[in-house]
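Each chain, letter by letter, is given below.
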Amino acid sequence: MAINPTDWIFLNGAWVQWEKATVHVTTHALHYGSSAFEGIRAYETEDGPAVFRLDAHITRLLDSCKVLRIPMDDYPQAELERLCVESVQRNGLRSCYIRPIVFRGAGGLGLYPLDCPIDIAIFAVEWGRYLGAESVEQGVDAMVSSWRRFSASTAMPLGKIGGQYVTSQLVSVEARASGFAEGIMLDERGCVCEGAGENLFAVKGGRLITPPMASAILGGITRDSVIQIARDLGIEVVFEAISRDMLYLADELLMTGTAAEVTPVRSVDRIQIGKGGRGKITQRIQERFFAQVAGKHPDTHGWLTRVPMPEPATVGA
Ligand code: PMP
């Protein structure tokens, strides 16, 4: 999805103009994927923009840095949160996608990253529905990918790490080339893992089933929000391995992610799921999710961080 430039990007300690936010071609992360990043959404509410689950995203960013052995003493949690809020504010965005990225910069071509400088950038851009405009209501068609998600012994599933996204790219290219909106990865055992950039839930007999963390999934923040919403709605959530045929036999399937939000899956491998559209439980969860992010439902979980916007100039002032 193409993005429109905004005005300001935070780069290594200063706010610079969009065109000036560049790095050198010898940047280590460009060659070897030595980066930790986040994807965060801010939604429009009646009181101005609000960032959804900012603290959880920044915690995960710092966790990703930790496993990459990137010290972040100069950018503690509160400072990173403040900078993300500022990225929305400075660019005058009402709703957007915020991308903080910490990466190993220019300073050597060897694989060993720890001698390279630590660079950081934060930008915010407008971003619509990730899996297509109608996806949220009508659902998407997905396929089980021929690519497997890496296991916890080959990479670090809990980290959102640049180099680890090669597999997700293979999955999403294969899916698009085959006429599907998204691909679903199995784990090394052959159990259902997650989408290229989304976690997965099945509904069966009124229960919401999702693979456990031990299935090498990324601990999605939308996944966590949906689990809490389901419990708020009195829907039982279970963490169980899901076999491929359980996907086909589910009453409903849904994908969750910051980009994908809460999206129904209406078919897998051209097999219709349930009645082949958005199921009732998916719709209930979705409605509560979209009400919460837009501040239309009481923020009982403390998920919203308001972005203070400058007061519009009053007439005659
Ligand atoms: N799995 C993968 C591989 C992802 O890249 C993402 C997107 N960050 C997710 C799941 C969903 O995570 P979240 O809800 O935190 O965006």
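Look a little higher up for the structure.
All of the points below concern the structure found in this document. What you are looking at is a predicted structure, and each value in this text was computed from that prediction instead of being measured.

Analysis parameters
- Residues numbered from 1 in each chain as written.
- Predicted model: local features only at pLDDT ≥ 70, side-chain atom pairs only at ≥ 80, totals over all residues.
- Heavy atoms only, no water.
- Near = heavy atom within 4 Å.
- Polar contact = N/O pair within 3.5 Å; in protein donor to acceptor, adjacent residues only side chain to side chain.
- 1 Å grid on protein atoms, 1.4 Å probe; cavity = no way out; pocket = protein on both sides within 12 Å on 5 of 7 lines; lining within 4 Å.
- Sits in = over half its atoms within 2 Å of the grid points.
- Nonpolar A, V, L, I, M, F, W, Y, C, P; charged D, E, K, R; others polar.
- Axes fitted to C-alpha atoms, helices over the stretch in contact; angles between N-to-C directions.
- Helix = DSSP H or I, 4+ residues; strand = E, 2+ residues; numbered from the N terminus.
- Parallel < 35°, antiparallel > 145°, perpendicular 65-115°, else oblique.
- Left-handed = near helix turned anticlockwise from the far one by under 90°.
- Contact = heavy atoms within 4.5 Å.
- Buried < 20%, exposed > 50% of the residue type's maximum accessible area, 1.4 Å probe, protein only.
- Pairing = 2+ DSSP bridges.
- Phe/Tyr/Trp six-rings, centres within 6.5 Å; stacked < 30°, edge-to-face > 60°.
- Points joined across faces, edges and corners; volume = space filled by probe spheres on them.
- Patch = residues over 30% accessible without salt bridge, like charges linked within 9 Å, V, L, I, M, F, W, Y side chains within 5 Å.
- Areas by Shrake-Rupley, 256 points an atom, 1.4 Å probe, with all protein chains shown as cover.
- Salt bridge = Lys/Arg side-chain N within 4 Å of Asp/Glu carboxyl O.

Our next topic: the site of the ligand. Near the ligand lie 16 residues; those nearest to it are Lys-160, Tyr-165, Ile-221, Thr-222 and Thr-258. Lys-160 places a polar side-chain atom, nitrogen or oxygen, 2.8 Å from a nitrogen atom of the ligand. One nitrogen or oxygen atom from the main chain of Ile-221 is found 2.7 Å from an oxygen atom belonging to the ligand. Using a 2 Å cut-off from the grid points, one finds that the ligand occupies the largest pocket. When its residues are assigned to classes, the shell around the ligand shows 4 nonpolar, 7 polar and 5 charged.

Packed helix pairs are characterised by how far apart their axes lie and by the angle those axes make with each other. Their axes nearest at 10 Å, the elements helix H6 (residues 221–232) and helix H8 (residues 280–293) cross at an angle of 115°. Classified by the angle between their axes, H6 and H8 sit roughly perpendicular to one another. Considering the relative orientation of H6 and H8, their crossing is right-handed. When H6 is examined against H8, the residues Thr-222, Val-226, Ile-229, Ala-230 and Asp-232 are found in contact with a partner set consisting of Ile-285, Arg-288, Phe-289 and Gln-292.

A few words on the pairing of strand E14 (residues 252–257). Within E14, 6 of the 6 residues are buried, which leaves it mostly tucked inside the rest of the structure. Alternating residues of E14 divide into Glu-252, Leu-254 and Thr-256 and Leu-253, Met-255 and Gly-257, and every residue in both groups is buried. Pairing analysis gives 5 bridges linking E14 to strand E15 (residues 261–268), with the strands arranged antiparallel. Across the sheet, the residue bridging to Leu-253 is Val-265, located in E15.

Moving on to the packing of aromatic side chains. Scanning the model with the defined rule gives 8 aromatic pairs in all. Between Phe-10 and Trp-15 the ring centres are 5.4 Å apart and the planes differ by 65°, which places this aromatic pair in the edge-to-face class. Judged by relative accessible area, which is 16%, Trp-15 ranks as buried. Here the aromatic rings of Tyr-97 and Trp-127 are separated by 4.4 Å at their centres, their planes lie at 65°, and the arrangement is edge-to-face. Within this pair, whereas Tyr-97 is found in strand E6 (residues 96–104), its partner Trp-127 is found in the loop between strand E7 (118–125) and helix H4 (135–138), the two being separated by 30 residues in sequence. Grouped by ring-pair contacts, the aromatic residues Phe-52, Phe-289, Phe-290 and Trp-303 constitute a single cluster.

A complete count under the given rule lists 2 cavities of 30 Å³ or more for this structure. Taken as a whole, the largest cavity spans an internal volume of roughly 50 Å³. Around the largest cavity, the lining residues are Arg-41, Tyr-43, Phe-52, His-57, Ile-221, Thr-222, Thr-258 and Phe-289. Every element with two or more residues in the lining of the largest cavity is listed here: strand E4 (40–45) and H6. A breakdown of the residues in the lining of the largest cavity according to their chemical character gives 4 nonpolar, 3 polar and 1 charged. In this structure, the second largest cavity encloses a volume near 30 Å³. Around the second largest cavity sit Arg-149, Phe-150, Gly-159, Gln-164, Tyr-165 and Ser-168, which together line it.

Tracing the chain through its elements places Ser-35 in strand E3 (residues 35–37). Apart from residues lying up to four places away in sequence, Ser-35 is in contact with Ala-29, Leu-68, Ile-101, Val-102, Phe-103, Lys-160, Ile-161 and Gly-162.

Turning our eyes to something else, we now look at the layout of surface pockets. Space inside the largest pocket adds up to approximately 990 Å³. Listing elements by their share of the lining of the largest pocket, those giving two or more residues are E6, E7, helix H5 (165–177), strand E10 (192–195), H6 and E14. In terms of residue count, H5 provides more of the lining of the largest pocket than any other element does, 6 residues in total. Split into classes, the residues belonging to the lining of the largest pocket amount to 16 nonpolar, 14 polar and 8 charged. Lining the second largest pocket are 14 residues; nearest its centre among them are Val-23, Ile-101, Phe-103, Ala-121 and Phe-123. Breaking the lining of the second largest pocket down by element, the ones donating at least two residues are strand E1 (8–11), helix H1 (28–32), E6 and E7. In terms of residue class, the lining of the second largest pocket is built from 10 nonpolar, 3 polar and 1 charged.

Taken together, the side chains of Tyr-32, Leu-109 and Leu-111 present a nonpolar region at the surface, about 330 Å² in accessible area. Looking at the secondary structure, you find Leu-111 in the loop between E6 and E7. The class of Leu-111 is exposed, set by a relative accessible area of 62%.

A few words on the pattern of salt bridges. On inspection of all chains with the given rule, the structure shows 14 salt bridges. Arg-189 is the salt-bridge partner of Asp-187, the closest N and O atoms lying 2.6 Å from each other. Given the relative accessible area of 52%, Arg-189 is considered exposed. Put simply, Arg-207 and Glu-240 hold a salt bridge, and the shortest N to O gap is 3.9 Å. Here Glu-240 lies in the loop between strand E13 (237–239) and helix H7 (244–249) and Arg-207 lies in strand E12 (residues 207–210), a separation of 33 residues in the sequence. For Arg-207, a relative accessible area of 28% corresponds to the partly exposed category. Taken together, the salt bridges that share partners define one network made up of Glu-79, Arg-82, Glu-86 and Arg-90.

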